[in-house]
Structure formats: structure tokens, C-alpha cells
Amino acid sequence: MSTMGLNFSGHNGPVMAMSWHPSLGLLATAGTDRTVLVWNVDGRFCMHSFSGHKGVVTCLMFHPDPERLLLFSGSEDTIVRVWDLKKAKYEEKNDKKKYDKKKNNVVLEKHLSAVTFLGLSEDGRILLTAGRDKVVNLWDPYVEENHWRKTILTYDVLEAVCVLHSGTTLHSCVSSDKGGMNKTTSEEVYFLTVGERGIIRIWNSKSAVCMFEQKTSDVAFSSEDDDLRRGFVSASMLPADQGLLCVTVDQQILFCTPQKESEGDFNLNLSKRLLGDNEEVSDMNFLDER
């Protein structure tokens, strides 16, 4: 693995997921060896090595609040784990012999298939996890026990979830707050899902209902086209409220923008399509001007 001209070697197999914490200069990596490594990029050394997953680690996410120092991981073993880096640092420093990396995490068990995506509510209180079991689970990972809050059945083998933030066009289209400026709380989270069906949909966590379903999609799954590869494998919100970026199973990169229609309705229209030999797109991230 190489980043910024630096090489980090520590995994005993391919790296399948990464997460970057820009304010702390930390990089988390995970892969087929079932371990999660946390790197100090400036110091060029591995700070933590976490084990506990019994399957390939498929997704990683740092909590954006640097005061929390939490790292979330999801795996093919259907488990989501919450690693407390602050506690790990303290215990490693004060009592190395008694420190057990396998026990230094919260274990969230509710999925019945591989966990594919992790997300946080806008206020950072609720964790959203998506999987190939066609559900999105909502959790409160900060309480001592009873972390699970709700399961939302989506009827789609999910590959990605994007939380809609207040002030964005998509949020204002589906939210009761038409001004779109009131910050979304953990009581009501609007989120977008993509997956095998090839249809973009938006959900309300409070009512657990679909608020929007894309009207047309040329990557939608059809039983009549069994020989064609359909559906989405990844999605990410574009910066500066420009819409949504999706990657299809056949490696097309699609840019979708919301467009309001008559009678207050709206749709997500395809504004740009990138074709060519993109090889296999397994993950993506946006780089700022720096």
C-alpha cells in the first residue's frame, strides 16, 4: 500500500478498506487477514493492531469528532465492531500485559450477511450499518448496552448508504424542513441507499419508510436480462451539494443531480457518465484542494 509517496506494510493479504482521519493524521486499513491497523502517517509507524473479526473486513470509518477517537469496522462475519483508540492507547501505556485488543471494542450483532457500509447521523449520535441482508440497522454505540435502535428493511442487497445533511438539495426535497437549514438529529435521519436493484432510494429513519425512489435507471436489475451485470457497487455524495456519484457493477461512473419537477416532485437525473477501462472500482474518496 502506498500513500503520499510512503509505503506501509503490515497486512498479510490484500487491503480491502481504508479510512482517513484528516485532523489527526491517522490512516486505518483492513483486509483479508481480518485485522485492522491504525497508522500514524507523519510518524510512519503502526499505532494499533486490532483483531477480533472472523471474516474479511469490508468497511472502515473514523468518527469525525477527534475527541471521541472511535473507529468502526464491518466484516463478512456480519459483525460491526467499535474500537476505542483513546482507551487502547491508555491501556497499552499503563498495563500491556492485561490489555486484550479483542475485548477492547463494542460488538454490534444484528446483520445476517456481510456488512458493506457504515455511516453516521449528522449529529454523530447514531451509527448506520448496511449489509447484503437487505437491511439498514441503526445503533447507539455510546451506551453501555442495548445498542440496537431500529432495523429498516429495504428489499435490496445494499452496497452503500449516504446520510443526507441539512442544507443540501436532496435533504430539502424530502425533509419536512423545506428550508433545509435545521440540523438533522438522531431522531430523524434521512439517508440514501444503492445496491443490487440499481435504483437510488431515500429513506426516513423515524418512520422507516421510503421517501423517494428513482423513476428510471438504465442499470436497474431485470430478470429478463440475466446475462447483463446490473446494479451499483458504491456511492458517495459529491462536494458542494453537486449531487451523487455512483459506481455500477460494470464499472461505469455515474453523476446524478437532483432536479425539481412539477407539483413539488423531484427526480435524480443522470448528468454525466464516465466510461472506459476503469478496472475494478472497490472504493473511492474525494480529495480537497490541498
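Residues numbered from 1 in each chain as written. Predicted model: local features only at pLDDT ≥ 70, side-chain atom pairs only at ≥ 80, totals over all residues. Heavy atoms only, no water.

1. Some details on the nonpolar core
- Within the largest apolar cluster, 21 residues are counted, with the highest numbers of intra-cluster contacts made by Leu 192, Val 194, Ile 200 and Ile 202.
- For this core, the secondary structure elements donating two or more residues are strand S15 (158–163), helix H2 (169–174), strand S16 (190–195), strand S19 (232–237), strand S20 (244–248), strand S21 (253–260) and strand S22 (266–274).
- Sequence-distant contacts of Ile 200, that is, excluding residues within four places in its chain, are made with Leu 192, Thr 193, Val 194, Phe 212, Glu 213, Gln 214, Phe 232, Leu 244, Cys 246, Cys 256 and Leu 268.
- Residues Ala 17, Ala 28, Val 57 and Leu 85 belong to the second largest nonpolar core, which totals 14 residues. (Core = buried A, V, L, I, M, F, W, Y, C linked by side-chain atoms within 4.5 Å. Buried < 20%, exposed > 50% of the residue type's maximum accessible area, 1.4 Å probe, protein only. Helix = DSSP H or I, 4+ residues; strand = E, 2+ residues; numbered from the N terminus. Contact = heavy atoms within 4.5 Å.)

2. A short note on the sheet that holds S22
- Overall, antiparallel pairing links the four strands, which are arranged S19-S20-S21-S22 in an open sheet. What marks the edges here is a single partner per strand, and that holds for S19 and S22. Across the sheet, the mean angle separating the axes of adjacent strands is 30° when strand polarity is ignored.
- Here S19 runs beside S20; their pairing, made up of five bridges, is antiparallel. Each residue of the ladder has a partner; that of Phe 232, found in S20, is Thr 248. (Pairing = 2+ DSSP bridges. Axes fitted to C-alpha atoms, helices over the stretch in contact; angles between N-to-C directions.)

3. Re the sheet that holds strand S13 (residues 135–139)
- Read across the open sheet, the four strands follow the order S11-S12-S13-S14; overall the sheet is antiparallel. Looking at which strands have only one partner, the edges of the open sheet turn out to be strand S11 (115–120) and strand S14 (148–153). On average, each strand axis in the sheet is tilted by 20° relative to the strand beside it, whichever way the strands run.
- Both strand S12 (residues 127–131) and S13 contribute to a ladder of four bridges, which runs antiparallel.

4. What to know about the environment of Arg 197
- Tracing the chain through its elements places Arg 197 in the loop between S16 and strand S17 (201–204).
- Relative accessible area serves as the criterion here: at 30%, Arg 197 is assigned to the partly exposed category.
- Taking the C-alpha atoms as reference points, Arg 197 and Tyr 155, 42 residues apart in sequence, are found 9.0 Å from one another.

5. Remarks on the pattern of salt bridges
- Going through the model one piece at a time under the given rule, you end up with four salt bridges.
- Two residues, Asp 140 and Arg 125, come together in a salt bridge whose shortest N-O distance is 3.2 Å. Of this pair, Asp 140 sits in the loop between S13 and S14 while Arg 125 sits in the loop between S11 and S12, placing them 15 residues apart in sequence.
- For Asp 140, a relative accessible area of 9% translates into the label buried.
- Take Arg 125: its relative accessible area is 29%, and that puts it in the partly exposed class.
- Of the charged contacts in the structure, one is a salt bridge between Arg 132 and Glu 159, with a shortest N-O distance of 3.0 Å. Of this pair, Arg 132 sits in the loop between S12 and S13 while Glu 159 sits in strand S15, and the two are 27 residues apart along the sequence.
- Taken together, the salt bridges that share partners define one network made up of Arg 125, Asp 140 and Arg 149. (Salt bridge = Lys/Arg side-chain N within 4 Å of Asp/Glu carboxyl O.)

6. Topic: unusual backbone geometry
- Positive phi, normally seen in glycine, also occurs at Arg 34, with a value near 70°.
- Exposure remark for Arg 34: the relative accessible area of 42% places this residue in the partly exposed category.

7. Structural notes on the confidence of the model for the chain
- Per-residue confidence for the chain averages 83 on the pLDDT scale, and 79% of its residues sit at or above 70.
- Strand S1 (residues 2–3) is the least confidently modelled element of the chain, averaging 46 in pLDDT, while S13 averages 97, the highest of any element. (pLDDT = per-residue confidence, 0-100.)

8. Describing the environment of Val 136
- Within the fold, Val 136 resides in strand S13.
- Classification of Val 136 as buried rests on a relative accessible area of 0%.
- The sequence separation of Val 136 and Thr 154 amounts to 18 residues, and the corresponding C-alpha distance is 7.3 Å.
- Not counting residues within four places of it along the chain, the set of residues in contact with Val 136 comprises Leu 128, Thr 129, Ala 130, Lys 150, Thr 151, Ile 152, Thr 154, Leu 158, Val 161, Phe 191 and Thr 193.

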